[in-house]
Amino acid sequence: MATNKKTFSTSPASMNPWLGIAAIVILFDQLSKITITKMFRLGDELVVTKFFNLVLAYNRGAAFSFLSNESGWQRYFFTAIGIAAALFIVYLLRKHAGQRLFCWALALILGGAVGNVIDRMVYGHVIDFLDFHWPGLGHFPAFNIADSAICVGVGLFILDELRRVNK
């Protein structure tokens, strides 16, 4: 008696490594935020160097606290944008899994977006704690590992596009 076994063929380029990278970003982001919230109270600051502090800050808005003073609707708006972006990125990873630099960029952006969406869903705000400043110029807005991953991902995305244009 013959049986029809369904086998799942693995495509030459799997998106699993990229999802793994995103998961690592999410893990480090969430662990760092848990650690900071256990060690600090809102507004507490630890001077590390002349140009870097650890501080617990809440961002109810988006980048650079955009819309943070609104009535609360922005939580749901930015959560929806983050979820939509994550779904689109997963689609792109699936479609372009063999393009290494492009997928590195997408994986970092995905991990960062999901890390911040988790904050918005659980706490109603994003937890920020990295505070860079330069004497005489002031403080850059506090940020977190998710934000850093997004910025590095965007930089890699731009680099990938510049390389593609030059070919």
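Preceding this section is the structure that the text describes.
This structure is a prediction, so every number in the text was calculated from the model and none was measured. (Residues numbered from 1 in each chain as written. Predicted model: local features only at pLDDT ≥ 70, side-chain atom pairs only at ≥ 80, totals over all residues. Heavy atoms only, no water.)

K.L.:
Explain the overall build of the protein chain to me, please; I cannot follow it from the model alone.
P.N.:
When you go through the protein chain residue by residue, the secondary structure sums to four helices and four strands. Along the protein chain, from the amino end to the carboxyl end, the secondary structure elements read α-β-β-α-α-β-β-α. For the protein chain, the proportion of contacts with a sequence separation of at least 24, taken over those separated by at least 6, is 64%. For the protein chain, the computed accessible surface area is about 10800 Å², with 67% contributed by carbon and sulfur atoms. (Helix = DSSP H or I, 4+ residues; strand = E, 2+ residues; numbered from the N terminus. Contact = heavy atoms within 4.5 Å. Areas by Shrake-Rupley, 256 points an atom, 1.4 Å probe, with all protein chains shown as cover.)

K.L.:
What am I meant to see in the nonpolar core here?
P.N.:
For soluble globular proteins, nonpolar side chains are generally found buried alongside one another. Counting 18 residues, the largest nonpolar core has W18, I89, L93, L106 and L110 as the members making the most contacts within it. For this core, the elements supplying multiple residues, two or more each, are α1 (16-39), α2 (73-95) and α3 (100-123). The element best represented in this core is α3, accounting for seven residues. Residue contacts for L110: discarding those within four places in its chain leaves L19, A22, A86, I89, V90 and L93. (Core = buried A, V, L, I, M, F, W, Y, C linked by side-chain atoms within 4.5 Å. Buried < 20%, exposed > 50% of the residue type's maximum accessible area, 1.4 Å probe, protein only.)

K.L.:
Looking at this structure, I do not really get a nonpolar patch on the surface. What am I missing?
P.N.:
A contiguous nonpolar surface patch, about 770 Å² in accessible area, is contributed by L27, L31, I34, I83, L87, M121, V122 and Y123. For the nonpolar patch, the secondary-structure elements that each account for two or more residues are α1, α2 and α3. Given the relative accessible area of 39%, I34 is considered partly exposed. (Patch = residues over 30% accessible without salt bridge, like charges linked within 9 Å, V, L, I, M, F, W, Y side chains within 5 Å. Salt bridge = Lys/Arg side-chain N within 4 Å of Asp/Glu carboxyl O.)

K.L.:
Any chance you could explain the side chain of K33 here in plain terms?
P.N.:
The topology assignment puts K33 in helix α1. Residue K33 is classed as buried on the basis of its relative accessible area, which comes to 1%. When near neighbours in sequence (up to four residues on either side) are disregarded, K33 contacts G115, N116, D119, V126, I127, F129, N144 and A146.

K.L.:
How do you make sense of the packing of α1 against helix α4 (residues 145-166) when you look at a structure like this?
P.N.:
A pair of packed helices is captured by two measures, namely the crossing angle of their axes and the spacing between those axes. With their axes 8 Å apart at the nearest point, α1 and α4 run at an angle of 145° to one another. On α4, the residues that touch V25, F28, D29, S32 and K33 of α1 are I145, A146 and A149. Counted by class, the contact of α1 with α4 contains five nonpolar, one polar and two charged residues. (Axes fitted to C-alpha atoms, helices over the stretch in contact; angles between N-to-C directions. Nonpolar A, V, L, I, M, F, W, Y, C, P; charged D, E, K, R; others polar.)

K.L.:
I keep staring at α4 and nothing clicks. Help me out?
P.N.:
One turn of the α-helix equals 3.6 residues, which is why residues spaced by three or four share an orientation. With 22 residues, α4 should cover 32 Å at 1.5 Å per step; its first-to-last C-alpha distance of 31 Å lies within 8% of that length. Within α4, burial applies to A146, D147, A149, G153 and D160. Each buried residue of α4 lies within a common arc of 155° when the element is viewed along its axis, so the set occupies one face. Opposite the buried face of α4, at more than 90 degrees from it, the exposed residues are C151, L162, V165 and N166. On its buried side, α4 packs onto α1, α3 and β3 (126-134). Where α4 begins, the capping side chain belongs to N144, and its oxygen is found 2.9 Å from the backbone nitrogen of A146. (Expected span 1.5 Å × (residues − 1). Arc of directions from axis to C-beta. Polar contact = N/O pair within 3.5 Å; in protein donor to acceptor, adjacent residues only side chain to side chain.)

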